[in-house]
Amino acid sequence: MSLYDDAVLVLKGCDDQPELRQAYLDHLAARPDGMWKACDAGHVTASALVIDPEQGRVLLTLHRKLQMWLQMGGHCEPQDVSLEAAALREATEESGIGGLALLPGGPVRLDRHPIPPPCHCHYDVQYAVLAPPGAVQQISDESLDLRWFAYDEVADVADDSVVRLLDAARARL
C-alpha cells in the first residue's frame, strides 16, 4: 500500500472532525501529489506529541523556523510506509528519544494551518507517542530547544493547536 493510500484509509477512519476530515480527503483527491512538500497548494504532514504520562508532562520543541513551541512533526518522506510511521520517525528524530510508542487508536486530531510561503497549508495528521520511563531528550538541528512541560504549563507556552492536541491525547489516555 502506498503512503497516499494509507493516508486516505486513515483519514476515512477519523470520526471526530468530519468536516476537516473531508477537506483533507478532498485535497488528496484533487492533488495526487498532496502528500509531498513539493505540493505548494498544501500537503499532508504527520506529527506526534511526546507524552510522559507517569510524570504528567509533554516534550515540546522550539521550532527553528517558526520560533514557536510545538509538538514534533513534519513532512512525509518517500521511505515512510504509513502516516503512523512518519509521525513516529519525526518524533524520534526531533526528540532524540528511542523507544517511543504510538498511543493506540490512530490519529488523535487533525489540524489544518497556514504556513509561510512557498507552501500555503499543512494538513497535519496528529498522533501522540508515549515516552519510555527515564527518557532523555536530545536536541536536533531542527530545534532551537527541547523542553518538558507539565500539562498545566502548555497553555502558557504553546498555541491553541498544541493545547487541543494535548487535551485530546489526555482524553485518550
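Refer to the structure above for everything that follows.
Residues numbered from 1 in each chain as written. Predicted model: local features only at pLDDT ≥ 70, side-chain atom pairs only at ≥ 80, totals over all residues. Heavy atoms only, no water.

Engineer: Tell me what's going on with helix H3 (residues 83–95), and back it up with residues and numbers.
Structural biologist: For H3, with 13 residues, the first-to-last C-alpha span of 18 Å sits near the 18 Å given by 1.5 Å per residue. All of the buried residues in H3 are Leu 83, Ala 86, Ala 87, Arg 89, Glu 90, Ala 91, Glu 94 and Ser 95. Looking at the buried side of H3, the elements it contacts are helix H1 (3–12), strand E1 (43–52), strand E2 (57–63), strand E4 (72–75), strand E7 (121–130) and strand E8 (143–150). Positive backbone phi, at 75°, marks Gly 96, one or two positions downstream of H3. (Helix = DSSP H or I, 4+ residues; strand = E, 2+ residues; numbered from the N terminus. Expected span 1.5 Å × (residues − 1). Buried < 20%, exposed > 50% of the residue type's maximum accessible area, 1.4 Å probe, protein only. Contact = heavy atoms within 4.5 Å.)

Engineer: Give a description of the environment of Leu 11 that names residues and reports values.
Structural biologist: As for its placement among the helices and strands, Leu 11 is situated in helix H1. Using a relative accessible area of 0% as the deciding quantity, one classes Leu 11 as buried. With 97 residues separating them in the primary sequence, Leu 11 and Val 108 have C-alpha atoms 11 Å apart. Dropping the residues within four chain positions of it, Leu 11 is found in contact with Arg 21, Tyr 24, Leu 25, Leu 28, Leu 110 and Val 125.

Engineer: So what's going on with helix H5 (residues 160–172)? Which residues, and what values?
Structural biologist: For H5, spanning 13 residues, the distance from its first C-alpha to its last is 18 Å, which sits close to the expected 18 Å at 1.5 Å a residue. Of all the positions in H5, only Ser 161, Val 162, Leu 165, Leu 166 and Ala 169 are classed as buried. Mapping the buried residues of H5 onto a view down its axis gives an arc of 135°, with all of them on the same face. Residues Asp 160 and Ala 171 are exposed on H5 and point more than 90 degrees away from its buried face. Contacts made by the buried residues of H5 are with E1, E2, strand E3 (69–70), strand E6 (109–114), E7 and helix H4 (154–157). (Arc of directions from axis to C-beta.)

Engineer: Let's hear about the packing of aromatic side chains: which residues, and what values?
Structural biologist: Applying the stated criterion across every chain yields a total of 2 aromatic pairs. Centroid distance Tyr 24 to Tyr 123: 5.2 Å. Interplanar angle 90°. Geometry classified as edge-to-face. Of this pair, Tyr 24 sits in helix H2 (residues 18–30) while Tyr 123 sits in strand E7, placing them 99 residues apart in sequence. On the accessibility criterion, Tyr 24 (0% relative accessible area) is buried. Between Trp 69 and Phe 149, the aromatic rings sit 5.0 Å apart at their centres with planes inclined by 75°, giving edge-to-face as the arrangement. (Phe/Tyr/Trp six-rings, centres within 6.5 Å; stacked < 30°, edge-to-face > 60°.)

Engineer: Summarise the environment of Asp 159; cite the residues concerned and give the values.
Structural biologist: Following the sequence through the fold, Asp 159 ends up in the loop between H4 and H5. Classification of Asp 159 as partly exposed rests on a relative accessible area of 28%. In this structure, the C-alpha to C-alpha distance between Asp 159 and Lys 37, residues 122 residues apart in sequence, is 23 Å. Among the polar contacts listed, one links the side chain of Asp 159 to the side chain of Ser 161, at a separation of 2.7 Å. (Polar contact = N/O pair within 3.5 Å; in protein donor to acceptor, adjacent residues only side chain to side chain.)

Engineer: Tell me what's going on with the layout of surface pockets, and back it up with residues and numbers.
Structural biologist: Where empty space is left becomes clear once a probe the size of a water molecule has been rolled over the atoms. By volume, the largest pocket is sized at about 870 Å³. Residue lining of the largest pocket: 34 residues in total, with His 63, Leu 66, His 75, Ile 115 and His 122 positioned closest to the centre. Going through the elements one at a time, E1, E2, E4, H3, E6, E7 and H5 are the ones with two or more residues in the lining of the largest pocket. Considering each element in turn, the lining of the largest pocket owes the most residues, 4 residues, to E4. Of the residues in the lining of the largest pocket, the class split is 11 nonpolar, 13 polar and 10 charged. (1 Å grid on protein atoms, 1.4 Å probe; cavity = no way out; pocket = protein on both sides within 12 Å on 5 of 7 lines; lining within 4 Å. Points joined across faces, edges and corners; volume = space filled by probe spheres on them. Nonpolar A, V, L, I, M, F, W, Y, C, P; charged D, E, K, R; others polar.)

Engineer: Pulling in residues and values, what's your account of the nonpolar core?
Structural biologist: Core analysis: the largest hydrophobic core is formed by 34 residues, its most contacted members being Met 35, Val 50, Leu 83 and Val 125. In contact with Val 50, other than residues within four places in its own chain, are Arg 57, Val 58, Leu 59, Met 72, Ala 91, Leu 100, Val 129, Ala 131 and Trp 148. The next biggest cluster of nonpolar side chains, apart from the first, holds 18 residues, and it includes Ile 51, Leu 62, Val 108 and Ala 158. (Core = buried A, V, L, I, M, F, W, Y, C linked by side-chain atoms within 4.5 Å.)

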